[in-house]
Amino acid sequence: MTLNARKLTIALLQRKEISITIISLITISFFYSLQPKFLSPANVDVLLKITPELGIPALGVTLLMIAGEFDLSVGSVFAFTSLFTTLLLEMGVNPWLSVLLALGACSLIGLSHGLITVKTGIPSFITTLGGLLVWRGVALVITGGLPKFFAMPTEFTNIMAGKITTFLHAQMLWFFGIAIIFLLILERHKFGNWIYSTGGKKDAARAMGINTDKVKIICFILSSFTAGLGGIIQSARLNQALPNQGEGLEFDAIAAAVIGGTSLFGGAGTIIGTIIGEYLSRIIENGLIIIRAPSYYFRLYIGIVVIIAVIINLYIQRRAIRIRG
Amino acid sequence: MSKNKPLVEMIDIHKWFGRVYALQGVDFTVNHAEVVGLVGDNGAGKSTLMKILSGLYPPDKGEIYFDGKKVKFSSPKDAMNLGIETIYQDIAIAPLMNITRNVFMGRELERKIGPISFLDLRRMERESLNALRNLGLEIEDMKMPVENLSGGQRQGVVIARAMYFKSKLLILDEPTNNLSVKESLRVLEFIRELKNQNISSVFITHNLHHVYPVADKIVVLSHGKKVGEFRKEETSIEHITHLITLG
């Protein structure tokens, strides 16, 4: 290989996103070969429509994981935020204000998870496991376990989840808008450097004067906020707030982040990786439905893909180091 | 800043940890552009004394003067702002982050685009490259994760960072621990380079053979007390070893 070709190969291999993109393309061809309808415009449109509402929480979870913490409560906060909105609507609060208040409430939930974790030193795995049970419980208490009508004005549902043209939905703009903001924070803003330092080596970050507690708390807030926003978008799309909506989302979000190269130990990860990881998860879910596999298979395949992705990432990383010599 | 006065003067420093009397009235001075070896057996109080100087612990009694002015630190940030930088045993870097991001950790360079301040990555990269070159570290790729560097190179990155931010005093806590002989020699080279650039350093170690070649002055602690302070010319490795072991 010439020097330039070698350099290019190394640069490509270092991008974890490349391997996961290849896995996605293989997966797409697999489902397409079994059932050509998989790539029909109607099905692609469905995929594009449902991915953002589940992908937005994964973006927040990614930031928090890079900072070295977990959030197992996102699925419950996802449901809580929508249901809290309907509760305010029933009390006669202005719809727009209701949503703002609900998003404020879910940010406070993130703040509480962050404060408890940071101030008491309890692992976030435990704090947010508590959050998972508590907020789902509150959601069930609010509704008595029944679905609620998400009575929002049409303008609102259009802004959150309206169809703009074929293959372009409002929720995609939210997804990519937030992705771009988070990407700029991580790669181009000092707060991103603080997030990576906090998750990569907390003591070093502290010694360099970074307030790691504050960094973590802000990431907890962002994680809850994005979960709540995802819930609002789903409810706007369905015109319903469901007590069981977002069940299992916590694991889907962590899976998407890990498939995309985010480290379970903190200190590494990218937004683009999570976006690709999220689409791959949804492609597998949707593809299994299209080929009429029993729905139980979804978790099984995602589990396998998570493990394969992590192994490939590790392998490629080591190879890239070896090539450099 | 007066050149006649010492850079650091710690006078009659006492520190208790519960019932443990860790420092029992220690005086400690560092002059400008001086390499001080701080030696002693484990538990002699070396690290405690330096943690007080770096702002991590307050002394229970005693005074600290820096550049002739009396100072009181409430956090490491206060000490850093004055130009006292500490490199701990478990190096102050995040292994998964690249060299540039580590050099500027917590002190990022920014550039305004409209109302928002973004990282000035190009300048950060250029400055990191220069800082490493000034130290004699030849690494080209500033985007390389630090985990790919050798132990000595990592120490180099941290020392280059301290030099770039114009520290006046660098405290190195066992910088040659876990390093090969060759790598240790490189770190000693870095310390000599610091002195050339008029930066003082305190080299904490229990390995006398590492500090002896570079030190101007050697201070010996034992059981929380200073038991000796010598210009290198006035002493020998044998003499100091004797002091450390017998107190």
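Quick caveat, the model's predicted, so the values are computed rather than measured.

Definitions and cut-offs
- What you see as residue numbers is a count from 1 along each chain, following the sequence as written.
- All chains are assigned letters beginning with A, and all ligands numbers beginning with 1, in the order in which they are written.
- In keeping with the predicted nature of the model, local features appear solely for residues at pLDDT of at least 70, side-chain atom pairs appear and are counted solely at 80 or more, and the whole-chain, interface and lining totals rest on all residues.
- Computation of side-chain values: all heavy atoms of the structure, hydrogens and water removed.
- A pair is scored as a salt bridge if a Lys or Arg side-chain nitrogen falls within 4 Å of a carboxyl oxygen belonging to Asp or Glu.
- Strands here are runs of E lasting at least two residues and helices are runs of H or I lasting at least four, both read from the DSSP assignment and numbered beginning at the N terminus.
- Under the scheme applied here, a residue whose accessible area is under 20% of the maximum for its type counts as buried, over 50% as exposed, and between as partly exposed, the area being computed with a 1.4 Å probe on protein chains only.
- Here a helix's expected span is defined as the number of its residues, less one, multiplied by 1.5 Å.
- Should any heavy atoms of two residues lie within 4.5 Å, those residues are counted as being in contact.
- Here's the idea: put two parts together, see how much 1.4 Å probe accessible area each one loses, and the total over both is what we call buried area.
- Should DSSP find at least two bridges between two strands, the strands are taken to pair.
- In this analysis an axis means a line fitted to C-alpha atoms, helices contributing only their contacting stretch, and an angle means the value between N-to-C directions, from 0 to 180 degrees.
- Per-residue confidence from the predictor is reported as pLDDT, a score between 0 and 100.

### Observations regarding the pattern of salt bridges
All names here are of chain A. Following the criterion strictly, the structure yields 24 salt bridges over all chains and no others. We note a salt bridge from E53 to R237, for which the minimum N-O separation is 2.7 Å. Of this pair, E53 sits in helix α3 (residues 41-66) while R237 sits in helix α11 (residues 212-238); the two residues are 184 residues apart in sequence, bridging distant segments of the chain. Judged by its relative accessible area of 27%, R237 is partly exposed. Here E278 and R282 are joined by a salt bridge, their closest N and O atoms 2.6 Å apart. Of this pair, E278 and R282 both sit in helix α13 (residues 271-290), separated by four residues, roughly a single helical turn. Accessibility assignment for this pair places E278 and R282 in one class, buried. Among the charged side chains, a salt-bridge network with shared partners connects D252, E278, R282, E285 and R299.

### A few points about α11(A)
Residues and elements named next belong to chain A. Under the 1.5 Å per step criterion, the end-to-end length of α11 is 39 Å for 27 residues, consistent within 8% with the ideal 39 Å. When you tally the buried positions in α11, you get 19 out of 27 residues, the bulk of the element. N239 sits one or two positions beyond α11 and adopts a positive phi of about 55 degrees.

### As for the interface of chain B and chain A
Between chain B and chain A, the residue contacts involve 28 residues of the former and 27 residues of the latter. Between chain B and chain A, the buried area comes to about 2100 Å², and carbon and sulfur atoms account for 58% of it. The interface formed by chain B and chain A holds one salt bridge in total. Taking the shortest distance from any N to any O, the salt bridge between B:E110 and A:K190 comes out at 3.7 Å.

### Remarks on the sheet that holds strand β5 (residues 69-71) of chain B
All names here are of chain B. Spatial strand order, β2-β1-β4-β5: four strands in an open sheet with antiparallel pairing. Pairing within the sheet leaves two strands with one partner each, and these edge strands are β2 (20-30) and β5. Taken pair by pair, the neighbouring strands of this sheet meet at an average axis angle of 30 degrees, ignoring direction. Bridge count between strand β1 (residues 8-17) and strand β4 (residues 61-66): five bridges; the pairing is antiparallel. Opposite M10, over in β4, you have I64 as the bridge partner.

### Examining the confidence of the model for chain B
Detailed reading of the predicted coordinates is not advisable wherever pLDDT is low. Here chain B shows a mean pLDDT of 89. Residues at 70 or above account for 97%. Predicted complex, confidence summary: ipTM 0.84, pTM 0.87.

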